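As a plain string of letters, each chain reads:
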Amino acid sequence: MSPQVQAAFAAAPPGARDGMLALRGLIFDQARDLPQVGRVEEALRWGQPSYLTPDTKSGSTIRLGARKEGGFALYVHCQTTLIADFRDMAGDAFRYQGKRAVLFDTTDDIQPALLSALIRKALTYHLR
């Protein structure tokens, strides 16, 4: 983790930080199971920890952030169909912010078995 990304995590409120770190782990776990994705780069984009596939360009950027209202979110590019497709699959198991984010209040809201599908789709978005 770069010092800049580490500082972004450190600046998040403790509950949000824990959730963001759990999502970070889930992103890397899913990427490990997708050899076509290649290396996942962790960088700071728009002040948020972000996950890109620079070598293969297979994915759409995933960002993690603390929310002003409390909690945390997993963000994707709003001009993709990622959230709409995920909402069709997961329904009201999660809360959403338009076409750009899945919202969480606590780490208990993450539901890795379901959320893994969104992460995998984001990491392979350009391979469709």
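Scroll up for the structure.
Rules of the game
Residues numbered from 1 in each chain as written. Predicted model: local features only at pLDDT ≥ 70, side-chain atom pairs only at ≥ 80, totals over all residues. Heavy atoms only, no water. Pairing = 2+ DSSP bridges. Helix = DSSP H or I, 4+ residues; strand = E, 2+ residues; numbered from the N terminus. Axes fitted to C-alpha atoms, helices over the stretch in contact; angles between N-to-C directions. Parallel < 35°, antiparallel > 145°, perpendicular 65-115°, else oblique. Left-handed = near helix turned anticlockwise from the far one by under 90°. Contact = heavy atoms within 4.5 Å. Nonpolar A, V, L, I, M, F, W, Y, C, P; charged D, E, K, R; others polar. Core = buried A, V, L, I, M, F, W, Y, C linked by side-chain atoms within 4.5 Å. Buried < 20%, exposed > 50% of the residue type's maximum accessible area, 1.4 Å probe, protein only. Phe/Tyr/Trp six-rings, centres within 6.5 Å; stacked < 30°, edge-to-face > 60°. Arc of directions from axis to C-beta.

**Student:** Can you help me understand the pairing of strand β1 (residues 41-45) in this one?
**Tutor:** Where a strand is regular, its side chains alternate between the two sheet faces. Where β1 meets strand β2 (residues 48-52), five bridges bridge the pair, whose relative direction is antiparallel. When the bridges of β2 are listed, A43 appears paired with S50.

**Student:** In this structure, what is going on with the sheet that holds strand β3 (residues 62-66)? I would like to understand it.
**Tutor:** Taken together, the six strands give an open sheet; going across it, the order is β1-β2-β3-β4-β6-β5, and neighbouring strands pair in antiparallel fashion. Each edge of the sheet is formed by a strand with only one pairing partner; in this case those strands are β1 and β5 (95-97). On average, adjacent strands in this sheet sit at an angle of 25° to one another, irrespective of strand direction. Where β2 meets β3, two bridges bridge the pair, whose relative direction is antiparallel. Paired with S50 across the bridge in β3 is R63.

**Student:** Teacher, can you tell me more about the packing of helix α2 (residues 14-32) against helix α4 (residues 112-123) here?
**Tutor:** A pair of packed helices is characterised by two quantities: the angle between their axes and the separation of those axes. Their axes nearest at 9 Å, the elements α2 and α4 cross at an angle of 60°. Relative to α4, the element α2 lies oblique. Note that α2 runs across α4; the crossing there is right-handed. On α4, the residues touching L23, L26, I27, Q30 and A31 of α2 are P112, L115, S116, I119, R120 and L123. Residue composition of the contact of α2 with α4, grouped by class: eight nonpolar, two polar and one charged.

**Student:** Explanation requested: the nonpolar core in the structure shown.
**Tutor:** Side chains of nonpolar character tend, in soluble globular proteins, to be buried together. Counting residues in each nonpolar core, the largest one holds 33 residues, and the members touching the most others are L74, F104 and L115. Contributing elements (two or more residues each) for this core: α1 (3-11), α2, β3, β4 (72-76), α3 (82-90), β6 (101-104) and α4. At six residues, α2 tops the list of elements feeding residues into this core. Excluding residues within four positions of it along the chain, F104 makes contact with L23, R67, G71, F72, A73, L74, F94, R95, D109, I110 and L115.

**Student:** I keep staring at the packing of aromatic side chains and nothing clicks. Help me out?
**Tutor:** The description of an aromatic ring pair uses the distance of the two centres, along with the angle that the planes make with each other. Applying the stated criterion across every chain, the model contains five aromatic pairs. Seen from their ring centres, F28 and Y51 are 5.7 Å apart, and the 90° between their planes marks the pair as edge-to-face. Of the two residues, F28 sits in helix α2 while Y51 sits in strand β2, which places them 23 residues apart along the sequence. With a relative accessible area of 22%, F28 lands in the partly exposed category. You can call Y51 buried: its relative accessible area is 1%. Ring plane angle 75° and centroid distance 6.4 Å describe the contact between F86 and Y96, whose orientation is recorded as edge-to-face. With F86 in helix α3 and Y96 in strand β5, this pair connects stretches of sequence that are 10 residues apart. With respect to burial, F86 and Y96 carry one shared label: buried. An aromatic cluster of at least three residues, connected via ring pairs, comprises F72, F86, F94, Y96 and F104.

**Student:** How do you make sense of α1 when you look at a structure like this?
**Tutor:** Residues spaced three or four apart along an α-helix face the same direction, because each turn holds 3.6 residues. Looking at α1, one finds that the buried residues are V5, A8 and F9. The arc that holds every buried residue of α1, seen down its axis, measures 95°, which confines them to one face. Across α1 from its buried face, at more than 90 degrees, point the exposed residues P3, A10 and A11. Contact partners of the buried residues in α1: α2, β1, β2 and β3.

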